[in-house]
Amino acid sequence: MRYTKRICIYPKDIQRITGKSNRHARNLLSKIREYLNKEPHQFITTDEFADFTGIKKEKVEEFIID
């Protein structure tokens, strides 16, 4: 059985990547949503996070634990 990685990024993932607090992670997600003109209920993908932060997608995916 093969597991696929999820494509949505959550505050806990951002905490693992940046080492910052949960509040910082939530604020960063809000900034990304605002930048991308997304609604508050819409998800941020790992691609969008990587593009916004300048971190390579492969590095971001290393921290996605499911």
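This is a predicted model, so every value here is computed, not measured.

Taken together, the buried positions of helix H3 (residues 46-53) are Thr46, Phe49 and Ala50. All buried residues of H3 lie within an arc of 100 degrees about the axis, which places them on one face of the element. Remark: Gly54 follows H3 within two positions and exhibits a positive phi of approximately 85 degrees.

Summed over the entire model, instances satisfying the criterion amount to two aromatic pairs. Ring plane angle 65 degrees and centroid distance 5.4 Å describe the contact between Tyr35 and Phe52, whose orientation is recorded as edge-to-face. Pair noted here: Tyr35 is in helix H2 (residues 22-35) and Phe52 is in helix H3, with a separation of 17 residues, a long-range link.

Parameters at a glance
Residues numbered from 1 in each chain as written. Predicted model: local features only at pLDDT ≥ 70, side-chain atom pairs only at ≥ 80, totals over all residues. Heavy atoms only, no water. Buried < 20%, exposed > 50% of the residue type's maximum accessible area, 1.4 Å probe, protein only. Helix = DSSP H or I, 4+ residues; strand = E, 2+ residues; numbered from the N terminus. Arc of directions from axis to C-beta. Phe/Tyr/Trp six-rings, centres within 6.5 Å; stacked < 30°, edge-to-face > 60°.

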